[in-house]
Amino acid sequence: MNSLKHKVALITGSARGLGKAIAERYAALGADIVINYSKDKASAEEVQKNISAMGVKVIAVQADVSKVADIERLFAAAIKTFGRIDIVVANAGIEMVETPATAFTEEQFDRLFSINTKGAYFTMQQAARHVTDKGRIIYIASSTTAFPVPGMAVYGGSKTTPRYLVDVLAKEIGHRGVTVNSIIPFAVDHSGIFVDPAAYPELRKQLLDSCPMGRLAEVEDVANIAEFFASDLSSFVSGQHLLVNGAATN
């Protein structure tokens, strides 16, 4: 079994969904945790309670990743509390689907790129500055970056750009033994836009039809890969983008 004892992990957007699953997985493996949330304090406190019950240390920090000052404050709080950061997961993001390329607005574009692109870029920049030698930086991308989907021009575009930074950082800080990778999940059930199983029925059917396994991803599928990338098993794996999509073609 992998162990993350004596490690400190910071996960953005970890009050619910994928971020929550990853934070709780790392805590179960012994890591101390920095939870981040933007607005949902109640959910963050619930995750904090769950993690504290696992016998590790945990703090919850409110920070809007679209604001660089907030990201800097998040990392400062983590270092002040724990004295180090070993693992950073740039997970925070928002989705927008079923919006044709001829229909999105400037406001929608700016909002998605400020959180998904700018937020991820500056989170990974802070991670590169502060993560310990032999640390781990992980970006949560989207399968729309590998398989373009109608109606997701802005969302997929906003998630594509940080993948380039993963490649660059892997080269720039690899001499420190730091690995930088991305996880590229398929649509995730019970999370994001599919937190309600009845939501977006036509899109759900399209995605299910494209997947030989006949299902969407679950948060645990993504947490499994996040565990691998955080562990010693991936110490010589860097600059990689791992699809978690059950061989889906969308």
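Quick look at the structure, then. (Residues numbered from 1 in each chain as written. Predicted model: local features only at pLDDT ≥ 70, side-chain atom pairs only at ≥ 80, totals over all residues. Heavy atoms only, no water.)

### Thoughts on the layout of surface pockets
This is how the line gets drawn: For each structure, a 1 Å grid was placed over the protein atoms alone; sets of points admitting a 1.4 Å probe that cannot get out are labelled cavities, open sets with protein on both sides within 12 Å along at least five of seven lines are labelled pockets, and lining residues have an atom within 4 Å of a point. Grid points are joined across faces, edges and corners, and a volume is the space filled by probe spheres set on the points. Helix and strand definitions follow DSSP, with helices as H or I runs of at least four residues and strands as E runs of at least two, each counted in order from the N terminus.
There is about 1200 Å³ of room inside the largest pocket. Taken together, 45 residues line the largest pocket, and the ones lying closest to its centre are Ala 92, Gly 93, Ile 94, Glu 95 and Gly 192. Elements represented by at least two residues in the lining of the largest pocket include exactly α1 (17-28), β2 (32-37), α4 (106-130) and α5 (153-172).

### Some details on the pattern of salt bridges
This is how it is decided: When a carboxyl oxygen of Asp or Glu is within 4 Å of a side-chain nitrogen of Lys or Arg, the pair counts as a salt bridge. Buried residues are those whose accessible area, probed at 1.4 Å on protein chains only, stays under 20% of the maximum for their type, while exposed residues exceed 50% and partly exposed ones sit between those limits.
For the structure shown, the criterion picks out nine salt bridges. A salt bridge links Glu 220 to Arg 25, with the nearest nitrogen and oxygen atoms 2.5 Å apart. Highlighted residues: Glu 220 in helix α7 (residues 219-230) and Arg 25 in helix α1, separated in sequence by 195 residues. With relative accessibility at 15%, the residue Arg 25 sits in the buried group. One network of salt bridges, with partners in common, ties together Arg 25, Glu 220 and Glu 227.

### So, the sheet that holds strand β4 (residues 87-90)
The cut-off we apply is this: Criterion used throughout: strands pair if DSSP finds at least two bridges between them. The axes are straight lines fitted to the C-alpha atoms, using for helices just the contacting stretch, and the angles between their N-to-C directions are given from 0 to 180°. Whether two residues are in contact is decided by their heavy atoms: any pair within 4.5 Å suffices.
Taken together, the seven strands give an open sheet; going across it, the order is β3-β2-β1-β4-β5-β6-β7, and neighbouring strands pair in parallel fashion. Of all strands in the sheet, those with a lone pairing partner are β3 (58-62) and β7 (241-244), marking the two edges. Across this sheet, the average inter-strand angle for adjacent strands is 15°, counted without regard to direction. Where strand β5 (residues 136-140) lies against strand β6 (residues 179-185), five bridges are found, and the strand directions are parallel. The residue of β6 that forms the bridge with Arg 136 is Thr 179. Contacting β4 and β5, α4 crosses the sheet at an angle of about 175° to β5. In the packing of α7 onto the sheet, contacts are made with β4, β5, β6 and β7, and the angle to β6 comes to roughly 170°.

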